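Secondary and tertiary structure notes
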Amino acid sequence: MYNKVSQRDIAYLSAFIPCERLFCGNDINPDYSHDELGGIENFPEVVIKVTSTKEVSKIMKHAYDNNIPVVVRGSGTGLVGGSVAMYGGIMLDTTLMNRILELDDENLTVTVEPGVLLMELSKFVEEHDLFYPPDPGEKSATIAGNISTNAGGMRAVKYGVTRDYVRGLTVVLPDGEVINIGGKAVKNSSGYSLKDLIVGSEGTLGIITQAVLRLLPLPAKTVSLLVPFDNVNKAIETVPAIIKSKSVPTAIEFMERGTIMFSETYLGKKFADSRSPAYLLLTFDGNTSEQIEYEYTSVAKLCLSMGATDVFLVDTDERKESVWGARGAFLEAIKASTTEMDECDVCVPRNRVAEFVMYSHRLAKDINIRIPGFGHAGDGNLHIYVCRDDLTQEQWKEKLEQAFDKLYKKAEELNGFVSGEHGIGYAKRGFLKNQLGDLQVSLMKRIKLAFDPKCILNPGKVIE
Amino acid sequence: MNIVVLVKQVPGTNKVEVDPVTGVLKRDGVESEMNPYDLFAIEQAMRIKEEYGGNVQALTMGPPQATAVIEEAIYMGADKGTVISDRRFAGADVLSTTRTISGALKTIGNIDLIVCGKQTTDGDTAQVGPEVAEFLNIPHAANVTEITDIEDGHITVVMNMEQLLQTQRMKLPALITVEKDANTPRLPSLKRSFQYQNNVPVQIRSLDDFEDENPDKYGLSGSPTQVERIFPPEKNIDRAQFEGEPEDLAEKIADILKQKKIV
C-alpha cells in the first residue's frame with residue numbers, strides 16, 4: 001500500500017517549495033477535500049501550489065521513490081470526484097500555473113500553462129480575433145481540467161470537443177520524467193498517439209504542465225434561435241431532422257420549462273419566453289449576416305414544419321445575454337432547487353435522445369423522484385439530475401442507486417456512453433466497468449500500468 | 001387602447017467613434033439596431049394590449065433604412081408601424097425631433113397611450129419622451145417600472161425616482177417612458193416575419209402629411225441647439241495602489257474618499 005506523508009517528506013518538499021505554497025494538516029482549506037460532487041470527500045495530507053514543470057517533476061520523483069499517492073487539482077469544478085484525494089497523499093494545485101505563454105498566429109496555436117481558466121483563454125484569443133471553440137458551461141474550470149476530462153460543451157455539434165483542439169502536451173510522468181508529446185504540426189501519424197491517451201485520462205497517467213492548443217479564426221457573427229414546442233418529444237425529434245438537413249448549427253441545446261423556471265427563480269429574472277413546455281436553442285455562426293441569415297432561415301422553416309409553435313430570434317448582445325445567461329445557470333439553478341443531487345451525463349446517438357429523455361420522465365414517475373434535465377441535444381449529451389428534495393438519507397441512497405442503475409442501463413441499450421464530458425472519476429467507475437466489460441477494462445489497466453507502474457497517480461479513479 | 005410605441009434605430013455598438021475633424025459620429029460600416037431601451041417599451045405596450053385589449057403601433061423617425069426597427073417591433077408583436085422620413089427632417093435636435101414626432105402623432109390621431117424607452121443609447125438625453133408629451137399637451141410619467149391599473153380613462157403607474165418610488169395616476173391620453181429592466185422583452189418572431197413576407201404593414205410619412213408644413217420649423221433649420229463640438233469623453237485610468245494592514249488601508253481609503261468629497 002501507499003506510504004503516508006512523513007515529516008521527512010515535508011522537510012524535503014519545504015527545501016524547494018516556499019511555505020506560502022505548501023499546506024499541511026489543519027492548514028489545508030476544506031475545499032481541497034472535495035470537488036463539486038456532493039458526498040465524496042477526503043483530505044490530502046499535503047497541498048502544494050505548483051509553479052513549474054521542474055517543480056512538478058521534482059515532487060513526482062520524490063513521490064514515486066517513496067510510494068506516495070499524488071492527485072492533481074485545477075479549480076475543483078469536476079462533478080465526479082475526479083480530483084478528490086481518496087488515498088490522501090500529495091495534492092498538486094495548478095491554479096498558479098496560469099500564464100498564457102505564446103500566441104502563434106502563423107500556426108494558429110496558443111501555448112498555455114495548465115491552470116489558465118477557460119474564460120481567460122477564450123477572452124485572450126478572442127481579443128486577437130481567434131477562437132478556441134470548446135465551450136463547456138463551467139467557464140472557471142482550468143484548461144488542464146478540461147483536457148483531463150476531454151470536456152465538450154455547447155459547440156461540439158459543429159466544432160467537436162477538447163481533444164480536437166489539443167495539439168501538444170508537456171507531461172510529467174509518475175516517476176518525474178518529462179515528455180513533450182505532439183506539437184504545433186497539424187498532421188502527425190508517428191506512432192501511438194500518447195497525447196490522445198493523456199487527453200481524457202483524468203490525471204491517472206501523467207500530469208499536464210503545458211498545452212499547445214489549436215485555434216480557429218473567430219467567426220465574425222453569431223445568431224441564436226429559441227424555438228418553442230408544445231411537447232418535449234416534438235422538440236427533440238426535430239434535432240435529427242436539423243442534422244439531416246446538412247445545416248450545421250454550432251449548438252443545439254434542449255431545455256424544458258421546469259428547468260427554465262428554476263433558472264428564473266435562481267437568477268431572479270424572467271426568461272424571454274416560458275410559455276411552452278419545451279425549447280430548442282440553436283446557434284449559427286459565420287462571417288457575414290447574409291450567410292448566417294440564409295442558414296437560420298432554412299432551419300427556422302424546418303422547425304416550424306416539424307411542429308415548432310414559433311421561432312424567436314436572439315440576435316443582439318442584450319438578447320444573447322438574456323437567453324444564454326439563463327442557459328448558463330441551469331446547473332446551479334437545479335442545484336439550488338433541491339437539497340442534494342447527483343448527475344448522469346450520458347451521451348447517446350443523436351437520434352435516440354428523445355427516447356432517453358422520455359424514459360427519464362417515465363422513470364421519475366415510476367420511482368417517484370424528481371429528475372429534471374437539459375442537454376446538448378445536438379451531440380446527444382444529456383445532463384439529467386436526480387434530486388433528493390426531502391427524502392431521508394436512506395431513501396435517497398436507495399432511490400438514487402435505483403435511478404442511476406436504470407438510466408445507465410437505458411443509455412447502454414441505446415448504444416450510448418456513461419459520460420459525454422464530465423468523465424468517470426470516482427463516482428461512475430462501476431457504470432464504466434459494467435459497460436466496457438472485462439476485456440476492455442483489462443486493456444485499460446495495462447495502459448495505466450505502462451504509464452504508472454506503482455499506481456501513485458490519482459489512485460481509485462476511472463478503472464481502478 | 002390605442003397604443004403607440006416610439007422607437008429609434010441606433011448604432012449597434014457602443015464603440016462608435018467620433019470623426020476628429022468634423023466632430024460627426026462615424027456611422028459608416030457600423031451596424032445598427034433598435035435602441036435597447038425601446039425593447040422594454042415594446043414589451044410594456046404588448047402586455048397592456050394583452051391585458052386590456054386594443055392595438056399597438058410603432059413609430060420611428062429616421063432615414064428609410066430605419067424601417068428595420070419598425071419591422072422588428074412588428075415581429076415582436078406590434079400590429080403595424082410608421083416611419084417618419086424626409087430629408088427636411090435631417091439634422092434635428094431634441095426640440096425639432098419632438099416637434100416632428102408630435103406632428104406625426106397628430107396625423108395618427110385617437111391615441112390613448114404613448115410608450116417610450118427611458119432614453120436612447122446614442123443621444124442619451126432622455127428628453128424626447130417628456131417633450132413629446134408637452135407638445136401634445138398630455139400628462140407623462142418617466143422611468144415607469146410598473147403599470148398598476150388602467151381604468152375609467154386613467155392610468156396608474158409606478159415611477160422610479162432613484163431615491164423613492166412614486167405612484168402616479170394620470171388621465172389618458174398620456175405618455176410614459178419605461179425604466180430599463182422593468183420587464184424581460186419578448187424576442188422577435190421569425191414566424192411572424194415569414195407570415196408577413198414582403199407585406200409588413202409599415203407606412204412612410206413625410207412633411208407633406210403634416211398639419212404644419214413650414215419646413216423652417218423642422219430639421220436643422222428648426223433646431224435652436226448649435227453643436228459646437230462632439231468629442232469622446234476622456235478616459236480616466238488613474239490608479240493608485242496601497243499596501244499594508246487591512247485596518248490602515250481602510251482608513252486610508254476612507255480619508256481619500258472624504259478628501260474627494262465622495263463620502
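Below you will find a few notes about this structure.

What counts, and where the lines are drawn
Residues numbered from 1 in each chain as written. Chains lettered and ligands numbered in written order. Predicted model: local features only at pLDDT ≥ 70, side-chain atom pairs only at ≥ 80, totals over all residues. Heavy atoms only, no water. Core = buried A, V, L, I, M, F, W, Y, C linked by side-chain atoms within 4.5 Å. Buried < 20%, exposed > 50% of the residue type's maximum accessible area, 1.4 Å probe, protein only. Phe/Tyr/Trp six-rings, centres within 6.5 Å; stacked < 30°, edge-to-face > 60°. Helix = DSSP H or I, 4+ residues; strand = E, 2+ residues; numbered from the N terminus. Lys NZ or Arg CZ within 6 Å of the ring centre and 35° of its normal. Pairing = 2+ DSSP bridges. Axes fitted to C-alpha atoms, helices over the stretch in contact; angles between N-to-C directions. Contact = heavy atoms within 4.5 Å. Buried area = accessible area lost by both parts, 1.4 Å probe. Salt bridge = Lys/Arg side-chain N within 4 Å of Asp/Glu carboxyl O. Polar contact = N/O pair within 3.5 Å; in protein donor to acceptor, adjacent residues only side chain to side chain. Nonpolar A, V, L, I, M, F, W, Y, C, P; charged D, E, K, R; others polar.

Turning our eyes to something else, we now look at the nonpolar core. Of all hydrophobic cores here, the largest spans 60 residues; its most connected members are L225, V227, L280, L282, F356, V386 and L407 of chain A. Judged by nonpolar contacts, the second largest core, of 36 residues, contains I3, A41, A78 and A174 of chain B.

This part takes up the packing of aromatic side chains. In the structure shown here, the tally under the stated rule is 13 aromatic pairs over all chains. Their ring planes at 80° and their centres at 5.6 Å tell us that F404 of chain A and Y408 of chain A sit as a pair that is edge-to-face. Of the two residues, F404 of chain A and Y408 of chain A are both situated in helix α13 (residues 393–413); the distance of four residues between them amounts to about one turn of the helix. Y408 of chain A shares its class with F404 of chain A; the two are buried. Taken together through their ring pairs, the aromatic side chains of F330, F374 and Y385 of chain A make up a single cluster. For K301 of chain A, the ring lying beneath its charged end belongs to F194 of chain B, and the centroid distance is 4.8 Å. Positioned above the aromatic ring of Y426 of chain A is the side chain of R429 of chain A, whose terminal nitrogen or guanidinium carbon lies 4.2 Å from the ring centre.

Strands pair in a sheet through their backbones, by hydrogen bonds, and they do so in one of two ways: parallel or antiparallel. Residues and elements named next belong to chain A. Sheet architecture is open: seven strands sit in the order β15-β12-β14-β13-β17-β18-β16, paired in antiparallel fashion. Each of the sheet's edge strands pairs with one partner strand only, and the pair in question is β15 (312–314) and β16 (341–344). Sheet twist, expressed as the average angle between the axes of neighbouring strands with direction ignored, equals 20°. Across four bridges, β16 lies against strand β18 (residues 381–387) in antiparallel orientation. Within β18, the position partnered with C344 by the bridge is I384. Its contacts with the sheet place helix α9 (residues 289–305) against β12 (221–229), β14 (278–286) and β15, and it is angled at close to 155° to β14. Contacts from α13 reach β16 and β18, with the element oriented near 10° to β16.

On to the interface of chain A and chain B, then. Frequently, the measure chosen for interface size is the accessible area removed from exposure when the parts meet. Facing 23 residues of chain A, the contacting portion of chain B comprises 15 residues. Between chain A and chain B, roughly 1,500 Å² of surface is buried when both sides are summed, and carbon and sulfur atoms account for 61% of that area. Contact with chain B buries surface across chain A, with A272, E318 and R319 of chain A losing the most and accounting together for 31% of the total. For E72 of chain B, the salt bridge goes to R319 of chain A, with nearest N and O atoms at 2.7 Å. Between chain A and chain B we count six residue pairs in polar contact (both at pLDDT 80 or more) in total. Listed by contribution, the elements that provide at least two residues to the side of chain A that touches chain B are β12, α9, β15 and α10 (317–328) of chain A. Per element, the largest residue contribution to the side of chain A that touches chain B is six residues, and it comes from α9 of chain A. Partitioned by chemical class, the residues of the side of chain A that touches chain B number 12 nonpolar, five polar and six charged.

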